[in-house]
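Here's the letter readout for the chains.
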Amino acid sequence: MTEYRVSDVMTKQVVYLSAETTLDEAARVMKEADIGDVVVTDGASLAGMLTDRDIVVRAVAENSSPAATTIGSIVTREVVMIEQHCTAGEAAALMRDRGIRRVLVCDSDRKLVGIVSLGDLAMQLDPTSALSEISEQSPTV
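Predicted model only: the values in this text are computed from it and were never measured. (Residues numbered from 1 in each chain as written. Predicted model: local features only at pLDDT ≥ 70, side-chain atom pairs only at ≥ 80, totals over all residues. Heavy atoms only, no water.)

Asks: Looking at this model, I keep getting lost on the overall build of the protein chain. Mind explaining?
Replies: Along the backbone of the protein chain there are 6 helices and 6 strands. Counted from the first residue to the last, the protein chain has its helices and strands arranged as α-β-α-β-β-α-β-α-β-β-α-α. In the protein chain, which comprises 141 residues, the proportion classed as buried is 42%. In the protein chain, the share of contacts with a sequence separation of at least 24, taken over all contacts with a separation of at least 6, comes to 56%. By element, 50% of the accessible surface of the protein chain is carried by carbon and sulfur atoms, the whole surface being about 8100 Å². (Helix = DSSP H or I, 4+ residues; strand = E, 2+ residues; numbered from the N terminus. Buried < 20%, exposed > 50% of the residue type's maximum accessible area, 1.4 Å probe, protein only. Contact = heavy atoms within 4.5 Å. Areas by Shrake-Rupley, 256 points an atom, 1.4 Å probe, with all protein chains shown as cover.)

Asks: So what exactly am I meant to see when it comes to the pairing of strand E6 (residues 112-117) here?
Replies: Consecutive residues of a regular strand have side chains that alternate between opposite faces of the sheet. A large share of E6 lies buried, amounting to 6 of its 6 residues. Looking at chain direction, strand E5 (residues 102-106) and E6 are connected through 5 bridges and run antiparallel. Of the residues in E6, the one forming a bridge with Arg102 is Ser117. Where E5 folds back on E6, the antiparallel hairpin that results is connected by 5 residues, among which Arg110 adopts a positive phi of roughly 65 degrees. (Pairing = 2+ DSSP bridges.)

Asks: Sorry, what's going on with the pattern of salt bridges here?
Replies: Pairing of side chains with opposite charge becomes possible as their charged atoms draw close. Counted according to the given criterion, the structure contains 7 salt bridges. For the salt bridge of Asp52 with Arg102, the shortest nitrogen-to-oxygen distance reads 3.8 Å. Linking Asp52 in helix H3 (residues 52-60) with Arg102 in strand E5, this pair joins segments that are 50 residues apart in sequence. Across the pair, exposure class does not vary: Asp52 and Arg102 are buried alike. (Salt bridge = Lys/Arg side-chain N within 4 Å of Asp/Glu carboxyl O.)

Asks: Hey, could you run me through the sheet that holds strand E2 (residues 37-42) in this one?
Replies: Note: strands within a sheet are paired through backbone hydrogen bonds, in either parallel or antiparallel orientation. Spatially, 3 strands are ordered E1-E2-E3 in an open sheet, and the strand pairing comes out mixed. The two strands at the open ends of the sheet, each matched to only one other strand, are strand E1 (16-18) and strand E3 (45-51). On average, each strand axis in the sheet is tilted by 35 degrees relative to the strand beside it, whichever way the strands run. Strand direction decides the pairing type here: E1 and E2, joined by 3 bridges, are parallel. (Axes fitted to C-alpha atoms, helices over the stretch in contact; angles between N-to-C directions.)

Asks: Just to check I follow, could you spell out helix H4 (residues 88-98) for this structure?
Replies: Since the α-helix packs 3.6 residues into each turn, any two residues three or four apart lie on the same face. Among the residues of H4, those classed as buried are Ala88, Ala91 and Met95. Each buried residue of H4 lies within a common arc of 60 degrees when the element is viewed along its axis, so the set occupies one face. Counted as exposed and oriented over 90 degrees from the buried face of H4: Arg96 and Asp97. Looking one or two residues beyond H4, the residue adopting positive phi is Gly99, at roughly 65 degrees. (Arc of directions from axis to C-beta.)

Asks: I'm lost on the nonpolar core in this one. Help?
Replies: Soluble globular proteins tend to bury their nonpolar side chains together. Core analysis: the largest hydrophobic core is formed by 17 residues, its most contacted members being Val38, Val40, Leu50, Ile55 and Ile71. At the level of elements, helix H2 (23-33), E2, E3 and H3 are the ones that each hand at least two residues to this core. When residues of this core are assigned to their parent elements, the largest contribution, 5 residues, is made by H2. When residues no more than four places from it in sequence are discounted, the contact partners of Ile71 are Leu17, Ser18, Ala19, Thr21, Thr22, Leu23, Ala26, Val40 and Leu50. Residues Met10, Ile82, Val103 and Val105 belong to the second largest nonpolar core, which totals 13 residues. (Core = buried A, V, L, I, M, F, W, Y, C linked by side-chain atoms within 4.5 Å.)

Asks: How do you make sense of the sheet that holds E5 when you look at a structure like this?
Replies: Spatially, the 3 strands line up as an open sheet ordered E4-E5-E6, and their pairing is mixed. On the outer flanks of this sheet lie strand E4 (81-83) and E6, each paired with one strand and no other. Across the sheet, the mean angle separating the axes of adjacent strands is 35 degrees when strand polarity is ignored. Across the sheet, H4 touches E4, E5 and E6, and the angle it forms with E4 is around 165 degrees.

Given below as structure tokens:
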């Protein structure tokens, strides 16, 4: 059996938002695009990654105003990257070791080319698993 590469299972269409974007706008973009994460930029620089869970845990739980709070103030700044030619198994091991659900994917020049999630891996590697079914049905923000 051929081992899938990260490039085979990743989401290639990455959505970028400025760190100055408000939480309510970010949530609207995520809902419209049916995604659970966006890459946050600060000018031309990568500032981090924001997930739907970040919005709930870091903002809603702390009673932050969605219209007044910027995503730059709650973004996860420590980003984890994996090279697109790594195996899906290596991506899964990285997620397990780091305790994360999503990893940014780069090419050999460290240019961002996608995002791979635990759900992406589950759906590709074992489409009949419970995790795959949940990932398929789970609504985002």
